[in-house]
Each structure stands twice: as C-alpha cells, then as structure tokens.
Amino acid sequence: MMHAGSVRRREGGWPGGSALARLAALGGSLTGCEMVTAPTTTLAPKSDFARLSHDIFLRILWWDLGILLLVVTVLLFVVVRFRERDPQTMPAQVRGHAGLELSWTVAPVLVLTVIAFPTVRAVFRTQDAPPANALRVRVTGHQWWWEFEYPDLQIRTATDLHLPAGRPAALELRSPDVIHSFWIPQLGGKRDTPPGQVNRIVLTPTTPGTYYGQCAEFCGASHANMRMVAVVESPAEFEAWVAGQRRAPPTPADGTAAAAGLRVFTTGACVGCHAIGGVSGGAVGPDLSHFGSRTTIAGGMLPKTPENLTRWLRDPPEVKPGALMPNLSLSVADVQALAAYLESLR
Ligand code: CUA
C-alpha cells in the first residue's frame, strides 16, 4: 500500500506537484500497489534541448498574447462603433470582400511562418551530428520498457538512464516492435521510434537530478506503464556508476538465499529471456546484471522495494497488463530466493 512518506518528490519548481503526487498515491492505493509517482513538467527545463523548446514556447506565448490583445481591441472597437442605433435601419451588408478575405488568410499564414522558423531550426539542431566528445547511448523502446546501451562503455541497462551533467549525449532511438516515443519532459521534447528507422536526439543535460520520462506514443496494453528515469549526475558520480556497471556481477556465497535464487534463475525459464553477466545471455527482456543498482522495476512502474519485487515475480501480467514476462508459477520460497539474488546484483 501507499504511504505518504514514500511518494517520490519532484525536481525543480512545479506548481501543483504535491496535489498530483497525492492523486497518484491514491491511484496506487486503489490498485493495491505502490506506484512510482512520476511528476513530469516541460516548465522546468534541465537540458539545452529542453531550454530551447521552452524558450520557443515562451516566445510563441508572448506573440499570441499580442495577437489576443489586438483581436480583443478590434472586437471591442467594432462592438462599440457599430452597435445598433436605430432598430428600423438595416446596416450595410458585406459579401465577398476580397480585401477582408485576403487579410484573414494572409495574416495566419504569416503568423505560422514566423512560428515555423525557430521551431524547425530547433528540430534540426537537436538531431545534428553529435560533437566528438558526446556520450553515445542506444535507446530501444520495447513493449513495455526502455533499454539503454552505451556502446563505447559496454554497458547495457534498462529503465534508468544515467547521464553526466554538462556532457553532450547522443541518443540513437530505435524499436524492434511498434512505434514508441521517447520523452523525458525536463530533458526535451518527444521523439518517435518507428521500427526500422533510427531517430536521434542530441542534448546536454545541465543540472544533476532525477527526471522522469514516459512513452508518449500509444503502443499497447501497458503504454501508460512504459516509463523511465533519467539520473543526471556529476561527471565523478557518473564515472563511479560506469565502473560499477562494468564490474562482473557478484556470485553469491554458498548457502545464502541469493545462491538459492541463482539456482532458480539458471534452472528455470529466466535464462531464456534475461542476460546476467557470466550467467546467461537471454536478450528478450532487460539485462539484469546490475539489477540491484536500479531504483525501479517493471519498466519504471514500481519502486524497487522487496514487496513490489515479490509481487512482480509471483505474477508479472497481474501487476503490468500485457507484460511479456509470464507467470512462472514459482513457489513462495523460490520467489524469495530469486528476489534475494536479484537484489544482490549490484
Ligand atoms: Cu511505448 Cu507507448
């Protein structure tokens, strides 16, 4: 069940955040499940890409306010100037006025053209060829979780995207199944992942923090549960994370619950889908080599707590509708052992 204290706090200024967190907490308690509350906002940008979009948004907002003022002024003038004075007299009727029709066609075209210039420029600028020092990340949208692979660092992980602040990140977006849309609002705009095509985002995160993301293209039963967490760190923290991810996962000591869990993992169906460094090579589901270092499970849907992990291992599709990981009908003891093993994978 949800406890008020376990609601994750938002990053950055965002009006109404706590009310939304409470609403999400209520949703969690109704489903009997402690959900990750994932406050998202485009109004507190934390990357150059997000800042660029935000600036365009504000610029358009001011232009629109000017247009609104102009329209309201003209409207008020017309209402007063041409009000009915004599109910018996029919006012002059205007039909097919070429000047008027031209003006209300040309004016919106001009407005949209002015808006298009900075917008299109930003779209191209955020998928330019990345600078030489960029951190390359291959992002893959799966039904229903995000995979992150760092080809130059030989790291493969899921849901938690670690990025160093101040260094450009070159994201290559793809999907093997359906169209997803990568979106971490505080780091920038949405970009789709059409199967068979690689799309790109180049962005530089500016501020360390935890920023939540969400698949933004309807992609099936658990589209709403396809989430991610961007962890933006100082370069030193990022290096420490990289070192941890590159280490071989620990082998549990004989006689421990984790050792029993390793046996469950290797003798069961788990190995067919999941990779764990030195143990298995399955490539259907998330790589679990450093599962214990992640903050969430089930594609960012649930905080990684012992209760949630147990519940997930018992019956994944019951927790996350449509989840491809089947109910393996594990015994309670096997579930406990498996949870201990996964948690030990730091
Ligand atoms: Cu993936 Cu919606």
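Our subject in this report is the structure included herewith. Sequence order as written defines residue numbering, which begins from 1 separately in each chain. Per-residue local features are limited, in this predicted model, to residues with pLDDT of at least 70; the limit for side-chain atom pairs, both in listing and counting, is 80 or more; totals at the level of whole chains, interfaces and linings are taken over all residues. To obtain the side-chain values, all non-hydrogen atoms of the structure were used and water was disregarded.

Topic: the sheet that holds strand β3 (residues 155-158)
Move 1: As summarised here, the arrangement of the five strands in space is β3-β2-β1-β5-β8, forming an open sheet in which the pairing is mixed. The open sheet has two edge strands with one neighbour each: β3 and β8 (199-203). Sheet twist, expressed as the average angle between the axes of neighbouring strands with direction ignored, equals 20 degrees.
Move 2: By the bridge criterion, five bridges tie strand β5 (residues 169-174) to β8 in an arrangement that is antiparallel. Looking at β8, one finds that L171 is bridged to I201.
Move 3: Taken strand by strand, helix α4 (residues 235-246) contacts β1 (135-142), β2 (145-150) and β3, and its axis lies near 100 degrees from that of β3. Whether two strands pair comes down to DSSP finding at least two bridges between them. For the purposes of this entry, the term helix denotes a DSSP run of H or I that reaches at least four residues, the term strand denotes a run of E that reaches at least two, and both are numbered from the N terminus. Convention adopted: a line fitted to C-alpha atoms gives each axis, helices being fitted over their contacting stretch, and angles between N-to-C directions are expressed from 0 to 180 degrees. Throughout, a contact is declared for two residues whenever any of their heavy atoms are within 4.5 Å.

Considering the sheet that holds strand β9 (residues 209-214)
Move 1: Read across the sheet, three strands follow the order β4-β10-β9 without closing on themselves; strand pairing throughout is mixed. Each having just a single partner strand, β4 (160-164) and β9 make up the two edges of the open sheet. Across the sheet, the mean angle separating the axes of adjacent strands is 25 degrees when strand polarity is ignored.
Move 2: One ladder, built from five bridges, connects β4 with strand β10 (residues 227-233); its direction is parallel. Note that in β10 the partner of H162 across the bridge is V231.

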